[in-house]
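# Fold and geometry: a report
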Amino acid sequence: MEEERRICKNCKRDVAAVNFSLHEAHCMRFLAVCPKCEEPVASKDMKEHLAKAHKEVRCMLCHQMMQQYLLEHHEAEECQERSVKCHFCELELPFHKLQSHLDACGSRTTMCWDCGKYVMHKAQEGHKLTCQTGNKPRAPGEFHTCRYLC
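Please read all numbers here as calculations on a predicted model, not as lab measurements.

Reading the values: the criteria
Sequence order sets the numbering: in each chain, residues are counted from 1 along the sequence as written. Since the coordinates come from a predicted model, pLDDT governs what is reported: local features require at least 70, and pairs of side-chain atoms require 80 or more to be given and counted, while whole-chain, interface and lining totals use all residues. The side-chain numbers reported here are obtained from all heavy atoms of the structure, hydrogens and water having been left aside. Confidence of the predictor at the level of single residues is given by pLDDT, which spans 0 to 100. Throughout, a residue-residue contact means that at least one pair of heavy atoms, one from each residue, lies within 4.5 Å. Helix and strand labels come from DSSP, where a helix needs a run of H or I of at least four residues and a strand needs a run of E of at least two; each type is numbered from the N terminus. Between 30 and 60 degrees the pair is tilted, below 30 it is stacked and above 60 it is edge-to-face, where a pair is any two Phe, Tyr or Trp rings, Trp via its six-membered ring, whose centres lie within 6.5 Å. A ring is considered to have a charge above it if a Lys NZ or an Arg CZ atom is located within 6 Å of its centre and within 35 degrees of its normal. A helix is expected to span 1.5 Å for every residue after the first. Only protein chains enter the accessibility calculation, which uses a 1.4 Å probe; a residue is then buried when its area is under 20% of its type maximum, exposed when over 50%, and partly exposed in between. This arc is taken over the directions from the axis of the helix to the C-beta atoms. Only one rule defines a salt bridge in this text: a Lys or Arg side-chain nitrogen within 4 Å of an Asp or Glu carboxyl oxygen.

### Considerations on the confidence of the model for the chain
For the chain, the average pLDDT comes to 86, and 87% of its residues sit at 70 or higher. The model gives residues 141–150 a pLDDT under 50, and that stretch makes 25 contacts with residues more than four places away or in other chains.

Given below as structure tokens:
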């Protein structure tokens, strides 16, 4: 049997109904919702929160301006200048250059030591399934004997 839950109107959190009255009383007294980011913040810390979290800062990689609380996510997930590695050659390059690099790098070929065929880097996974099995698909998890760049 699932526990009944309610949403607090102040902090928007999901709270067990049994604890709801106590939570709501505490929440209304000590927490406020930030008008800019809509996150619950201790009332006594709201001024400091607004000054620090919503301060305008510049991304050191792309020089875009944004609020401080958004910077970490931007640098890790959104910034076009963030450094990423090619999964074929391990070269580090800016994210916005990755796709064109993958297209070129993935088209390079390497000879398979088992069958002697030249296989593109981007086709290696598929080749592993057919190499040395007479070109019939190999069952998942079946032993693989292909020794090129594996």
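Once you've had a look at it, read on.
### Describing unusual backbone geometry
Unusually for a residue other than glycine, E38 sits at a positive phi of about 60°. Mapped onto the elements of the fold, E38 is located in the loop between β3 (31–33) and β4 (40–42). Positive phi outside glycine occurs at H63, with the angle close to 70°. Looking at where H63 falls in the secondary structure, it is placed in the loop between β5 (56–58) and β6 (65–67).

### Overview of the packing of aromatic side chains
All told, the structure shown has zero aromatic pairs when counted by the stated rule. Just above the ring of F95 sits the side chain of R82; from NZ or CZ to the centre is 3.9 Å.

### Quick look at helix α4 (residues 95–106)
With 12 residues, α4 should reach 16 Å at 1.5 Å per residue; the first-to-last C-alpha distance of 16 Å fits that figure. Listed as buried for α4 are L98, H101, L102, C105 and G106. The buried side chains of α4 occupy one side of the element, clustering within an arc of 110° when seen end-on. In α4, the exposed positions angled more than 90 degrees off the buried face are occupied by Q99, S100 and A104. The inward-facing, buried residues of α4 contact β7 (83–85), β8 (92–94) and β10 (118–120).

### Describing the environment of S43
In this fold, S43 is placed in the loop between β4 and α2 (46–53). For S43, a relative accessible area of 37% gives the class partly exposed. Along the chain, S43 and L31 lie 12 residues apart, while their C-alpha atoms are 5.0 Å from each other. If we skip the residues at most four places from it in the chain, S43 touches R29, F30, L31 and A32.

### Quick notes on the pattern of salt bridges
Applying the stated criterion across every chain yields a total of six salt bridges. R5 is paired through a salt bridge with E3; the nearest N and O atoms lie 3.0 Å apart. Of the residues examined, R5 reaches a relative accessible area of 41% and is grouped as partly exposed. Across the pair K128 and E125 runs a salt bridge, and its minimum N-O distance is 3.2 Å. Highlighted residues: K128 and E125, both in helix α5 (residues 124–130), separated by three residues, approximately one helical turn.

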